[in-house]
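# Architecture at a glance
Now for the letters of each chain:
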Amino acid sequence: MKPSVLRESENRWALSLIGLTLLLTLIPYLIGYGLSNGRHYLWLGYNLDDACVYLSWMKQAAQGHLRQHNLFTTEPQPGMFPNPLFFLLGLVASLLHLPLIAVFHLARLAAGFALLWVVWLLLRNTLSSLLARRAAFLFVCFSSGFGWLPLFWPSGGAVNIFRTPVDVWQPEAITFLSLYLSPLFAFSMLLQVAFLLLSLKAEQERSWKLAMAAGLIGLLIGLTHTYDVVGLALTWGCFLLVRARSVSLQDNVSSWLRAALTALVALPGTALIAYELHANPIFRDRANVPTLSAGLPWVFLGYGGELLMTLYTLYLLTKASTDPESVPVHSSFQSRDAVRLYVCWAIAQLCVAYLPVSFQRKMLQGEHFPLAILAGVGAAYLLEQRLRGKVAPRQRMLVLSITTLLLSLTNIRFVVRDIYNDTLNKVQTDLQRAYISQGELQALGWIAHHTRPSEAIQPLPWVHILQSPDGTHRYLAPTDMTMACILPGYTGRHVYCGHWGETPDYGSKLKELMNFGLESTSDAERIALLEKMHVQYLLFSQKAPDDMDADRLYPIFRGLSPLPSYLKEVYSNQEASIYRVELGR
């Protein structure tokens, strides 16, 4: 077969796999929509609260704001440079008059397509074995770890999710879950892979233009998902250091000068975010919310069989370096630089996830790529060399497909869990729902059309009296914060308390709101809280007629006690009511 025809055939195969992957990420949402039963589906699932933050950024851009504000607090803030991705998506939604959530998912699919295609280009430029390219691509698209095993999978009760494999709960650790959930993950991963591909080609071609192009990608990374800068810088620095012994002094100097050019072009993006971090205390507080990495055993288990196959590949590479005639695994790679890149990437990306910073966990993003690619090389070597006489060439893709299916079991269980949660009208946080009522949706519409953009609205949490697991005592607890979480993205209005990370001092503010409606709370205490909150409206939607806890905990909003004079009902339906705050009247 001619090389051009072979390449075209390979590209068709890759495009088909990309299409299949993205289609599979749509299925849980389509099933969720099918379960709506008259309710309004939010088209969000796992990590719903973070998606609501991104929608709030899009909403501000759609409304014409050039500075991005944290809408999950009413505290004064200067705003900051907007996230380029969500600023652009907000403009697209405004210009085309599309719902934000539709643009959100279209962007997720578009970024996912671009990411997987750039991964395929990287494989074509680094792997010489067709079977290795296909195995690596399958593993990138679908592989996960051992989280699906009953021993590790959370099965009810009080489970510390952070003491389970990362493929159970950390989507950015796994490519498929990132494609399934977030345009930010897909887009920032696209930039990560594109940066390394361009940097590698700049070295291969000794091209200053490609080094500058890599710098422009780095600039965008700094503005969009700044955490990734650290892992990429360490990866490329390690690559150049490892490579230094095998090239001339002149080539080393040129390589480091190209790296310096890349860094110089990329620097303004990261520098701007660093300045915003210094100048904006609200942004700084958000960045300092701890998101620490899981223990190494949980990371290793989260990559499971793929990690074992990666270690096998590293063993083969080590053996080949001492006895080149014994193991022809290097023939799977187009160059030694390709081997160096993947090994440095895997090690550096894992190391940065344990730097002593508050946002450790976010820097594990990208680790899946080198592990999946190295695992694919090992799997192809097994089939082509070790099992040459046992697995016929025509059967190798079937074996790889079955292997990929086994490696994807956690991803399957993950989306099945989301679908099951839809049937219960909840998401994994247990504080938000997958659906809201039509009355709640109408209340959000009233807010969007009858309040000023400068006014703040606080939806009150649903609260209930729960019993401790040991049955010894009962306590007051929030059971739903859906409306407070989604309101900024739907209306562009601020809330006082709505997101565990975006709202400063979230826990104490949530407790204040829980106590607001209690009969034991005095008018003076309520007025003091309203003055502190700086909100002009309250939204109440815990209106189910058979909710006895709500009768006890929110009597003034359930019609069981007189409404105080400083609250005036301005909108009501069977499922939601809105009250204007009229202090001093």
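In what follows, the structure referred to is the one given above.
Now for a look at the structure at hand. (Residues numbered from 1 in each chain as written. Predicted model: local features only at pLDDT ≥ 70, side-chain atom pairs only at ≥ 80, totals over all residues. Heavy atoms only, no water.)

### Quick notes on the sheet that holds strand β7 (residues 567–572)
- If you walk across this open sheet you meet the four strands as β3-β6-β8-β7, and the pairing is mixed. Looking along the sheet, the strands with just one partner apiece sit at the ends: β3 (457–459) and β7. Each strand of the sheet is rotated relative to its neighbour by a mean of 25°, with strand direction disregarded.
- By the bridge criterion, four bridges tie strand β6 (residues 537–540) to strand β8 (residues 577–581) in an arrangement that is antiparallel. Note that in β8 the partner of Leu539 across the bridge is Ile578. (Pairing = 2+ DSSP bridges. Helix = DSSP H or I, 4+ residues; strand = E, 2+ residues; numbered from the N terminus. Axes fitted to C-alpha atoms, helices over the stretch in contact; angles between N-to-C directions.)

### Structural notes on the environment of Arg284
- Tracing the chain through its elements places Arg284 in helix α12 (residues 281–287).
- Those residues in contact with Arg284, other than ones at most four positions away along the chain, are Leu277, His278 and Ala279. (Contact = heavy atoms within 4.5 Å.)

### Concerning the pairing of β8
- Counting buried positions along β8 yields four of five residues, so the element is predominantly enclosed.
- Bridge count for β7 against β8 is five bridges, and the pairing is antiparallel. For Leu567, the partnering residue across the bridge sits in β8 and is Val581. (Buried < 20%, exposed > 50% of the residue type's maximum accessible area, 1.4 Å probe, protein only.)

### Observations regarding the packing of helix α2 (residues 48–62) against helix α3 (residues 84–96)
- Look at α2 against α3: their axes get within 7 Å of each other, and the N-to-C directions meet at 55°. Between α2 and α3, the crossing angle belongs to the class labelled oblique. Read as a crossing pair, α2 and α3 show a hand that is right-handed. Contacts between α2 and α3 involve Tyr54, Trp57, Met58, Ala61 and Ala62 on the former and, on the latter, Phe86, Phe87, Leu89, Gly90, Leu91 and Ser94. (Parallel < 35°, antiparallel > 145°, perpendicular 65-115°, else oblique. Left-handed = near helix turned anticlockwise from the far one by under 90°.)

### Considerations on the nonpolar core
- In this structure, Leu123, Leu127, Phe137, Phe333 and Tyr342 are the most contacted members of the largest nonpolar core, which totals 137 residues.
- Tallying contributions element by element places helix α8 (residues 183–205) first for this core, with 14 residues.
- Excluding residues that lie within four positions of it along the chain, Tyr342 makes contacts with Leu122, Leu123, Thr126, Leu127, Phe333, Pro370, Ile373 and Leu374. (Core = buried A, V, L, I, M, F, W, Y, C linked by side-chain atoms within 4.5 Å.)

### Quick look at the packing of aromatic side chains
- Taken as a whole and assessed by the stated rule, the structure comprises 25 aromatic pairs.
- Centre to centre, the rings of Tyr33 and Trp43 are 5.3 Å apart; their planes meet at 25°, and the pair counts as stacked. Of the two residues, Tyr33 is situated in helix α1 (residues 3–34) and Trp43 in the loop between β1 (40–41) and α2; the sequence distance between them amounts to ten residues.
- A residue is classified by how much of its surface remains accessible, and Trp43, at 23% relative accessible area, is partly exposed. (Phe/Tyr/Trp six-rings, centres within 6.5 Å; stacked < 30°, edge-to-face > 60°.)

### Thoughts on a nonpolar patch on the surface
- On the surface, Leu88, Leu91, Val92, Leu95, Leu96, Leu98 and Leu106 cluster together to form a nonpolar patch covering roughly 630 Å² of accessible area.
- Here Val92 shows up in helix α3.
- The exposure class assigned to Val92 is partly exposed, which follows from its relative accessible area of 31%. (Patch = residues over 30% accessible without salt bridge, like charges linked within 9 Å, V, L, I, M, F, W, Y side chains within 5 Å. Areas by Shrake-Rupley, 256 points an atom, 1.4 Å probe, with all protein chains shown as cover. Salt bridge = Lys/Arg side-chain N within 4 Å of Asp/Glu carboxyl O.)

### Thoughts on helix α9 (residues 208–224)
- With 17 residues, α9 ought to run about 24 Å at 1.5 Å a step, and its terminal C-alpha atoms sit 24 Å apart, in line with that.
- Taken together, the buried positions of α9 are Leu210, Ala211, Ala214, Gly215, Ile217, Gly218, Ile221, Gly222, Leu223 and Thr224.
- On its buried face, α9 sits against α3, α8, α10 (228–243) and α11 (249–279). (Expected span 1.5 Å × (residues − 1).)

### With respect to the pattern of salt bridges
- Applying the stated rule across the entire model yields 19 salt bridges.
- Across the salt bridge formed by Lys426 and Asp430, the nearest N and O atoms sit 3.4 Å from each other.
- Overall, Lys426 belongs to the partly exposed group, its relative accessible area being 28%.
- Note on Asp430: relative accessible area 46%, which makes it partly exposed.
- Note that Arg433 and Glu440 form a salt bridge whose closest N and O atoms lie 2.9 Å from each other. This pair shows no difference in class: Arg433 is buried, exactly as Glu440 is.
- When salt bridges that share partners are traced, they join Glu203, Arg243, Arg258, Asp337 and Arg340 into one network.

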